[in-house]
Amino acid sequence: MNTFIAGLRAEITKLFTTRMWWVLAIVLFAYIALLAGGLGALFGAITTGKITSSGETPHFGTLAPLVYSFATSVGYVFPVLLGALVTTGEFKHQTLTPTFLANPRRSQVLAAKGVASLGVGAVYGVVALVASVGAGAIALTIFGVDTTLGDSDTWALVGRAILAMALWAAIGVGLGVVIPSQVGAIITVLAFTQFVEPLLRLAASFSDATASIGKYLPGAASDGLVGSSFFTISSPGAGVLEWWQGGLVLLAYAVVLTIIGHFISWRRDVT
Amino acid sequence: MATGVPIEFDSVTKRFGDIEAVSELSFSVEPGKVTGFLGPNGAGKTTTLRMLLGLVQPTSGTATIGGSRYAELENPLATVGSALEAASFTPGRTARNHLRVYAQAARLDASLVPAALEKVGLADYADRRVAGYSLGMRQRLGLAFALLGDPGVLVLDEPINGLDPEGIKWIRTFLRELAAEGRTILVSSHLLSEVQQSVDEVVIIAKGRLVHRGDLADLDPAGNQQVVVDSPDREALEAALKAAQLTYTELRGGFLVSGAEAAEVGHVAFAAGVEVSALHKQKSGLEETFLHLVGEGGSL
Ligand SMILES: Nc1ncnc2c1ncn2[C@@H]1O[C@H](COP(=O)(O)OP(=O)(O)O)[C@@H](O)[C@H]1O
Ligand SMILES: [Mg+2]
């Protein structure tokens, strides 16, 4: 057996032999189900006129994909956290020692970690989409809004969303080697995803010139890949990438961060 | 089992910024023996072993195992097993899963995991999370990791730290057995007394430099260790020592017993029902030489 495949197996075993992955998965599920169900019901009530909002009647285009995309537009922080936590954990618990003793080819180990995280990220994608499509479709049905579950477009969106979640986990691994301090990495993930990036995207959407840059921000690229998001709808001035472009941009973030991290922390002395 | 191969250090030097942790260190370690790697805290033992294992990049010089650098080994865990000072576990993972991860990474057979746990006496606790382990159990798990690939070379950094007296006895016997099978065993310690009963040879370093290399006996002009013992009932104690065929001389403050450990002398007195008022080890010639060599309490 090839040493890379062996390393991949070991990294997958690492991910699934502590409680972290399923604790995060449960929180992810509950959070997305609540959000998709709740906001699905609210938007459903508004579009069907059961609640009258002041001012213009909101036009949300097709409501269903928007509700389903909460899985990624809100849930993406979970695979990032998982990727960052497992990577920084190697530094925190000094498990780099046995890891590099078992396979001294360090760049191979790091690559295996990134690829393994794609797998667990995809699992998170499935969890989040079961939550958003499940709770969202129920809410929409109650208000008589088309769930679009018969459309192939909806399932294409689901597939792209799973891919996005997988890529976000790999970005988390890259971030974890760039910022090996666990606390530092968690703060960075939360601050960037919840605060810095939304503000940057909003700011970028005010002019065409900045919008053409803003669409390359990771969250924007992710929305581009998935093809729908409350963010793109709420700030229509922001440009959007084609789905495949968005995917490549996310992949580029993962690869570039991982390579930088390799030089910053991964190949250093383990003392 | 893989056959024991020699370990070779060829003028390895490691600098951390301004600190020269290891300086031009050269020595080799032969199979079939237990070699003690001694030096006070901060002498550079851990750094030296980490350089051997490819975890720390030497500033200059090379360290090899059977002629290969660690990174070049075809099957590292089946060639060299190592347990390093720092406990390296993910607390939330069980011991069995901990070993499974590295067995998979090193392409070892899965059946080696329960075998290693069995060898170190952790089989009954294997499915508990390591977070709940005592220091002694963690040391044993570290040793299980070292033994995982049934390697011909073992490198252990301060394996005795944190072990209970029973564990210490067990590891000494165990290391002797492994050496008798022809393996190469390198064990570090900052205390001579910890390893003096279980090593055949010693390598002593101080401040990153080699200060002594050779048989343990070379260090000890007096040749044996001595214990001072006293009792309110001197006559009964003397009779007990005599009955146990121990060599002793009478001092003003009790008896000086040669060639026995304190525990042994204490047991003799206890078995004879003699009350003991003093029992302690006399600093041996070995220990004095050691301390002198490493520049502690001496003038090096
Ligand atoms: N990562 C590091 N950075 C700076 N200095 C270090 C590092 N690791 C070890 N040292 C220094 O190197 C010297 C030798 O340390 P070490 O190899 O741990 O000694 P020992 O294991 O014999 O106690 C010490 O002075 C220690 O402070
Ligand atoms: Mg040390």
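With respect to the nonpolar core
Moving on, step 1. In this structure, L77, L99 and L141 of chain B are the most contacted members of the largest nonpolar core, which totals 91 residues.
Moving on, step 2. For this core, the leading source of residues is helix α5 (residues 135-147) of chain B, giving seven residues.
Moving on, step 3. Those residues in contact with L77 of chain B that sit more than four places away from it in its chain are L101 and A102 of chain A together with Y70, Y102, A106, L108, F145, L148, G149 and P151 of chain B.
Moving on, step 4. Formed by 55 residues, the second largest nonpolar core is a distinct cluster that contains V120, L129, M165 and L250 of chain A.

Some thoughts on the side chain of T35 of chain B
Moving on, step 1. Position of T35 of chain B among the secondary structure elements: in strand β3 (residues 34-38).
Moving on, step 2. When sequence neighbours within four positions are dropped, the list of residues in contact with T35 of chain B reads V29, I185, L186, V187, V199, E201 and V203 of chain B.

As for empty space enclosed by the protein
Moving on, step 1. Scanning the entire structure with this criterion turns up two cavities of 30 Å³ or more.
Moving on, step 2. Here the largest cavity is characterised by a volume of approximately 70 Å³.
Moving on, step 3. Contributing to the lining of the largest cavity are G7, A10, E11, K14, T99, N103, V109 and A112 of chain A together with V101, Y102 and A105 of chain B.
Moving on, step 4. Contributing elements (two or more residues each) for the lining of the largest cavity: α1 (3-16) and α7 (106-142) of chain A together with α3 (95-105) of chain B.
Moving on, step 5. At four residues, α1 of chain A tops the list of elements feeding residues into the lining of the largest cavity.
Moving on, step 6. Of the residues belonging to the lining of the largest cavity, the class tally is six nonpolar, three polar and two charged.

Some points on the pattern of salt bridges
Residues and elements named next belong to chain A.
Moving on, step 1. Here the structure, examined in full by the defined rule, presents 18 salt bridges over all chains.
Moving on, step 2. Notably, a salt bridge pairs K14 with E11, separated by 3.0 Å at the nearest N-O pair. Linking K14 with E11, this pair stays in helix α1, spanning three residues, or about one helical turn.
Moving on, step 3. On the basis of relative accessible area, K14 is assigned to the buried category, the value being 8%.
Moving on, step 4. In this structure, the salt-bridge partner of R201 is D223, at a minimum N-O distance of 2.7 Å. One end of the pair, R201, is in helix α9 (residues 182-204); the other, D223, is in helix α11 (residues 218-226), and 22 residues separate them in sequence.
Moving on, step 5. In this structure R201 comes out as buried when scored by relative accessible area, which is 10%.
Moving on, step 6. Residues participating in the shared-partner salt-bridge network are E11, K14, E90 and K113.

What about the domain arrangement of chain B?
Moving on, step 1. Split by domain assignment, chain B resolves into domain 1 (7-219) and domain 2 (226-283).
Moving on, step 2. A C-alpha centroid distance of 37 Å is found between domain 1 of chain B and domain 2 of chain B.

A closer look at the pairing of strand β8 (residues 201-206) of chain B
Residue and element names in this part refer to chain B.
Moving on, step 1. Among the six residues of β8, six are classified as buried, and the element is accordingly described as predominantly covered.
Moving on, step 2. Alternating residues of β8 divide into E201, V203 and I205 and V202, I204 and A206, and every residue in both groups is buried.
Moving on, step 3. As paired elements, β3 and β8 share four bridges and run parallel to each other. If you follow L38 over to β8, its bridge partner there is I204.
Moving on, step 4. By the bridge criterion, six bridges tie β8 to strand β9 (residues 209-215) in an arrangement that is antiparallel. For A206, the partnering residue across the bridge sits in β9 and is R209.
Moving on, step 5. Between β8 and the antiparallel strand that follows it, β9, lie two residues; K207 among them carries a positive phi value of about 50 degrees.

Observations concerning the sheet that holds β9 of chain B
Residue and element names in this part refer to chain B.
Moving on, step 1. The sheet built from six strands is open, its strands ordered β5-β6-β7-β3-β8-β9 with mixed pairing. Strands at the two margins of the open sheet, each flanked by one partner only, are β5 (80-83) and β9. Neighbour-to-neighbour, the strand axes of this sheet turn through a mean angle of 15 degrees, independent of strand direction.
Moving on, step 2. Where β5 lies against strand β6 (residues 153-157), four bridges are found, and the strand directions are parallel. Residue pairing across strands places A83 opposite L156, the latter belonging to β6.
Moving on, step 3. Of the strands in this sheet, β3, β6, β7 (184-189) and β8 touch helix α1 (residues 45-52), which is tilted by about 150 degrees from β6.
Moving on, step 4. Each of β5 and β6 touches α5; the most contacted strand, β5, lies at about 165 degrees to it.

Remarks on the pairing of β3 of chain B
Residue and element names in this part refer to chain B.
Moving on, step 1. Along β3, five of the five residues are buried, which leaves the element largely enclosed by surrounding structure.
Moving on, step 2. Strand direction decides the pairing type here: β3 and β7, joined by five bridges, are parallel. Residue pairing in the sheet places T35 in a bridge with L186 of β7.

Some points on a nonpolar patch on the surface
Moving on, step 1. Taken together, L163, W243, W244, L248, L251, V255, I259 and F263 of chain A make up a surface patch of nonpolar side chains, about 790 Å² in accessible area.
Moving on, step 2. Inspection of the secondary structure assignment puts W244 of chain A in helix α13 (residues 243-266).

What counts as what
- Residues numbered from 1 in each chain as written.
- Chains lettered and ligands numbered in written order.
- Predicted model: local features only at pLDDT ≥ 70, side-chain atom pairs only at ≥ 80, totals over all residues.
- Heavy atoms only, no water.
- Core = buried A, V, L, I, M, F, W, Y, C linked by side-chain atoms within 4.5 Å.
- Buried < 20%, exposed > 50% of the residue type's maximum accessible area, 1.4 Å probe, protein only.
- Helix = DSSP H or I, 4+ residues; strand = E, 2+ residues; numbered from the N terminus.
- Contact = heavy atoms within 4.5 Å.
- 1 Å grid on protein atoms, 1.4 Å probe; cavity = no way out; pocket = protein on both sides within 12 Å on 5 of 7 lines; lining within 4 Å.
- Points joined across faces, edges and corners; volume = space filled by probe spheres on them.
- Nonpolar A, V, L, I, M, F, W, Y, C, P; charged D, E, K, R; others polar.
- Salt bridge = Lys/Arg side-chain N within 4 Å of Asp/Glu carboxyl O.
- Domains from an automatic or database assignment.
- Pairing = 2+ DSSP bridges.
- Axes fitted to C-alpha atoms, helices over the stretch in contact; angles between N-to-C directions.
- Patch = residues over 30% accessible without salt bridge, like charges linked within 9 Å, V, L, I, M, F, W, Y side chains within 5 Å.
- Areas by Shrake-Rupley, 256 points an atom, 1.4 Å probe, with all protein chains shown as cover.

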